[in-house]
Amino acid sequence: MTYSTHFNTIVVEREVAAPKALAWFAFATREGKSAWFQPPAAWTVLEDQFDFREGGVERLKGLWENGKVSDFQCRYHNIVPESRIIYSYDMFVDEKRISVSLATIEFLPAPKGTLIRITEQLVHVDGYPTPEDRIAGTQYLIEKAGDAIEALAAREGVL
């Protein structure tokens, strides 16, 4: 087997028309996160954990229609309410580690309400996946989160 290591740092941002408390809710609670962090229809959940606290773990493992199993395993390291979340996570496909990441989510004041900034330092191992895949995936997720936050803000009549 050939071993390889590829390092990358990505930053994605989304400004939302919502107060920090609602943006925080979308990442810090199961209810808030489930509004946007949903497995695709072609995926069967095998394991689902959400323990949002320093030292807590989050895990989402599932089976794709093609038979592959993906597994997101996260540990929360630092949580400052309505300000910052720092966590690390491993991504596995068919029990093979494909990447390890250190991520920070910041919730910052912005003209429309709140700027959500995700900075991720990651290492891809053994050629899988490409940095472009992770950038596209993280951008997709922040857009889904932003849409869910703004929908909640509209329902609640804030901002």
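Predicted, not measured: the structure shown is a model, and the values here were computed from it.

Student: Would you mind showing me how to read the pairing of strand S7 (residues 113–125) here?
Tutor: Strand residues, when the strand is regular, have side chains that alternate between the two faces of the sheet. Extensive coverage of S7 is indicated by the burial of 10 of its 13 residues. As judged from the 12 bridges shared by strand S1 (residues 5–16) and S7, these two strands associate in the antiparallel manner. Each bridged residue has a counterpart across the sheet, and for Glu13 the counterpart in S7 is Arg117. In the sheet, strand S6 (residues 96–110) pairs with S7 via 12 bridges, with the strands oriented antiparallel. Of the residues in S7, the one forming a bridge with Ala103 is Glu120. The hairpin turn running from S6 into S7, its antiparallel successor, is 2 residues long.

Student: What's the story with the environment of Pro131 in this structure? I'm lost.
Tutor: Structurally, Pro131 can be placed in helix H3 (residues 131–156). On the basis of relative accessibility, which here comes to 15%, the residue Pro131 falls in the buried class. It is 19 Å that separates the C-alpha atoms of Pro131 and Thr2, two residues lying 129 residues apart in sequence. In this structure Pro131 touches His6, Asn8 and His124, once residues within four positions along its chain are discounted.

About the cut-offs
Counting restarts for each chain: residues are numbered from 1 in the order of the written sequence. In keeping with the predicted nature of the model, local features appear solely for residues at pLDDT of at least 70, side-chain atom pairs appear and are counted solely at 80 or more, and the whole-chain, interface and lining totals rest on all residues. To obtain the side-chain values, all non-hydrogen atoms of the structure were used and water was disregarded. The rule is simple: take the accessible area with a 1.4 Å probe, protein chains only, and divide by the maximum for that residue type; under 20% is buried, over 50% is exposed, in between is partly exposed. In DSSP terms, a helix is any run of H or I states spanning at least four residues, a strand is any run of E spanning at least two, and both are numbered starting from the N terminus. Here the rule is simple: two strands pair whenever DSSP picks up at least two bridges between them. Contacts are assigned to residue pairs with any non-hydrogen atoms lying within 4.5 Å of each other.

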